[in-house]
Amino acid sequence: LMTRAYIRDPAYLRHKERTGVDYWGIGMLALWVGALQVMLDKGQQEDWLGSNFIRWCLAITVVGFIAFLYREFTAEHPVVDLRVFKERTFATGAFLMTVVGFGLYGSLVLVPLWLQLLLGYPALQAGIAMAPRGLGSMIAMPLVGLTMRKVDPRKFLAAGILLCAFTLFQFSRLNLEAGYWDFFWPQFIQGMSLGLLFVPLTTITMSLISKESMGNATSLFNLTRNIGGSVGIAMVTTLNARYQQANINRLGEHFTPANPAAMGLLHQMQSSWLALGSGPGRAGQQAVAMAFGMVQRQAAMLAFVQVFLLLTAMFLGLVPLILIMKRPKHGPGEEVSLH
């Protein structure tokens with residue numbers, strides 16, 4: 001009701017001929033995006049393609065997506081005009097935003113899990129430890145907006161990607177002895193890198209889009225970010241769980257009677273439990289359980305490191321794509337529209 005009362009189309013849209021609503025396009029879009037979101041959300045829990053439910057979701061996603069493409073390319077007035085992807089700068093920018101969303105939301109999920117599961121942070125303290133990221137973005141975004149009219153925004157974009165890759169690499173160097181400040185500075189710098197990323201990426205991507213197509217292009221741009229985020233969250237949680245299991249197997253191979261160091265540690269743990277009053281049999285079981293807990297914790301730590309290294313490589317791989325994008329057409333003294 002508020003939209004109908006106060007929002008008005010601009011003049012260049014107001015005089016366009018009114019057309020019917022593409023209900024088929026809207027329905028197909030909702031169908032395949034909805035099935036994709038459910039599949040990504042439940043995939044790890046349901047063991048991905050080992051589940052009939054996930055296979056059905058995948059089939060609906062693929063069929064719905066193909067039907068959606070056919071409808072939008074053949075409809076006279078499509079709800080989403082996909083022809084905007086013919087512009088290479090927009091297509092590249094949308095792809096970059098997808099990967100940025102992948103890395104952003106993926107790391108946003110990993111850090112609190114790391115803090116709570118491995119370092120024992122309560123939920124509130126883990127949330128407070130995430131605050132530096134927002135602080136860095138709050139500082140960087142206005143500064144980038146003020147200075148971008150004088151500098152090629154592609155340079156800001158490249159700096160943002162490299163800085164974000166650097167912070168992801170810094171996360172991969174942490175261990176189980178990391179403290180609050182070891183997380184503070186990488187997150188603060190990552191927040192600044194996101195400020196360097198989002199404003200220039202939006203500006204460059206939308207710079208060659210006509211005003212008539214701006215609403216459609218903006219919707220697609222935001223959709224790519226959300227899909228990238230959904231895929232990122234699903235992939236990092238899945239990879240983290242699989243890497244952890246593989247690491248447990250790899251580390252467990254060294255915990256055998258043939259390893260004097262492992263047996264010495266096990267006997268030391270058993271002696272500690274005996275000193276606390278446990279019987280010989282019970283103390284042996286407790287020592288084994290304690291040793292397995294150590295293996296699990298180290299395996300989980302290694303899994304986080306491996307995922308962060310993967311995200312680092314992914315961001316570094318984006319840098320050459322910036323060369324494909326065209327510089328926005330504005331002079332040193334002109335305003336840069338963020339659309």
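Residues numbered from 1 in each chain as written. Predicted model: local features only at pLDDT ≥ 70, side-chain atom pairs only at ≥ 80, totals over all residues. Heavy atoms only, no water.

**Things to note about the overall build of the protein**
Spelled out, the test is: Under the scheme used here, helices are H or I runs from DSSP no shorter than 4 residues and strands are E runs no shorter than 2 residues, and both carry numbers assigned from the N terminus. With the radius of gyration taken over C-alpha atoms, the globule rule is written as 2.2 Å times the number of residues to the power 0.38. The cut-offs for exposure are 20% and 50% of the maximum accessible area for each residue type, with area from a 1.4 Å probe on protein chains only; residues under the lower value are buried, those over the upper are exposed, and the others partly exposed. Surface exposure here means Shrake-Rupley accessible area, sampled with a 1.4 Å probe, where a residue is shielded only by the protein chains that are shown. Under this rule, positive means Lys or Arg and negative means Asp or Glu; His and the chain ends count for nothing. Every charge is mapped onto a representative atom, which is NZ of Lys, CZ of Arg, CG of Asp or CD of Glu.
The number of helices and strands found in the protein is twelve helices and zero strands. Listing every helix and strand of the protein by position from the N terminus yields α-α-α-α-α-α-α-α-α-α-α-α. Against the globule reference of 20 Å for 339 residues, the protein gives a C-alpha radius of gyration of 25 Å, more extended than a compact globule. Overall, the C-alpha framework of the protein stretches about 90 × 50 × 40 Å when taken along its three principal axes. When each of the 339 residues of the protein is scored for burial, the buried share is 40%. Taken as a whole, the protein presents about 18700 Å² of accessible surface, with 65% of it coming from carbon and sulfur. Each charge sign in the protein was given a centre, from 26 positive and 17 negative side chains, and these centres are 4 Å apart.

**Focus on the pattern of salt bridges**
What counts, and what does not: What counts as a salt bridge is simple: a side-chain nitrogen of Lys or Arg found within 4 Å of a carboxyl oxygen of Asp or Glu.
Counted under the stated rule, the structure contains four salt bridges. Notably, a salt bridge pairs D47 with R242, separated by 3.9 Å at the nearest N-O pair. Of this pair, D47 sits in the loop between helix 3 (23-42) and helix 4 (52-74) while R242 is found in helix 10 (residues 214-252), placing the two residues 195 residues apart along the sequence. Between D152 and R154 there is a salt bridge, with the nearest N and O atoms lying 2.8 Å from each other. The class of D152 is buried, set by a relative accessible area of 9%. A residue is classified by how much of its surface remains accessible, and R154, at 23% relative accessible area, is partly exposed.

**Some words on the layout of surface pockets**
Leftover empty space is mapped by rolling, across the atoms, a probe with the size of a water molecule. This is how it is decided: Each cavity reported here is a set of points on a 1 Å grid over the protein atoms alone in which a 1.4 Å probe fits but cannot get out, each pocket an open set with protein on both sides within 12 Å along at least five of seven lines, and each lining residue one with an atom within 4 Å of a point. Grid points are joined across faces, edges and corners, and a volume is the space filled by probe spheres set on the points. All amino acids are sorted into three groups, where Ala, Val, Leu, Ile, Met, Phe, Trp, Tyr, Cys and Pro are nonpolar, Asp, Glu, Lys and Arg are charged, and the leftover types, Gly among them, are polar.
Within this model, the second largest pocket holds a volume of roughly 210 Å³. Lining the second largest pocket are 13 residues, and of these W32, F65, L223, T224 and I227 lie nearest its centre. If you list the elements that add at least two residues to the lining of the second largest pocket, you get helix 3, helix 4 and helix 10. Ranked by the residues each element gives to the lining of the second largest pocket, the list is headed by helix 10, at four residues. Here the residues of the lining of the second largest pocket sort into eleven nonpolar, two polar and no charged.

**Things to note about helix 5 (residues 88-118)**
We count it as follows: To estimate how far a helix should extend, the number of its residues minus one is multiplied by 1.5 Å.
In a regular helix each residue adds 1.5 Å, so 31 residues correspond to 45 Å; helix 5 covers 44 Å between its end C-alpha atoms and thus fits that length. Immediately beyond the C-terminal end of helix 5, within one or two residues, lies G120, with a positive phi of roughly 75°.

**Brief notes about the packing of helix 10 against helix 12 (residues 280-316)**
Quick reminder of the rule: Lines fitted to C-alpha atoms define the axes, with helix axes restricted to the stretch in contact, and inter-axis angles between N-to-C directions lie between 0 and 180 degrees. Throughout this description, any angle smaller than 35 degrees is read as roughly parallel, any larger than 145 degrees as roughly antiparallel, any in the 65 to 115 degree range as roughly perpendicular, and the remainder as oblique. When the near helix sits turned anticlockwise from the far one by under a right angle, the crossing is termed left-handed; a clockwise turn instead gives a right-handed crossing.
With their axes 7 Å apart at the nearest point, helix 10 and helix 12 run at an angle of 135° to one another. Taken together, the axis directions place helix 10 and helix 12 in an arrangement best described as oblique. Relative to helix 12, helix 10 is oriented so that their crossing is right-handed. Here the residues of the contact of helix 10 with helix 12 sort into 15 nonpolar, seven polar and no charged.

**So, the nonpolar core**
Here is the rule: Side-chain atoms within 4.5 Å link the members of a nonpolar core, which is a set of buried Ala, Val, Leu, Ile, Met, Phe, Trp, Tyr and Cys residues. It only takes one pair of heavy atoms within 4.5 Å for two residues to be counted as in contact.
In terms of nonpolar packing, the biggest core is built from 65 residues, with W114, L157, F183 and F315 touching the most fellow members. Contributing elements (two or more residues each) for this core: helix 3, helix 4, helix 5, helix 6 (123-129), helix 8 (153-172), helix 9 (180-206), helix 10 and helix 12. The contact partners of F183, leaving out residues within four places of it in the chain, are V111, W114, L115, L119, F171, L174 and A178.

**Quick notes on the confidence of the model for the protein**
It should be kept in mind that the predicted coordinates are not to be read in detail where pLDDT is low. Formally: On a scale of 0 to 100, pLDDT captures the predictor's confidence in every residue.
Looking at the protein as a whole, its pLDDT mean stands at 87, while 94% of the residues score no less than 70. Element-level pLDDT for the protein is lowest in helix 2 (residues 11-14), with a mean of 64, against a maximum mean of 94 in helix 4. Ignoring residues within four places in sequence, the model shows residues 331-339, a span with pLDDT below 50, making 18 contacts including any to other chains.

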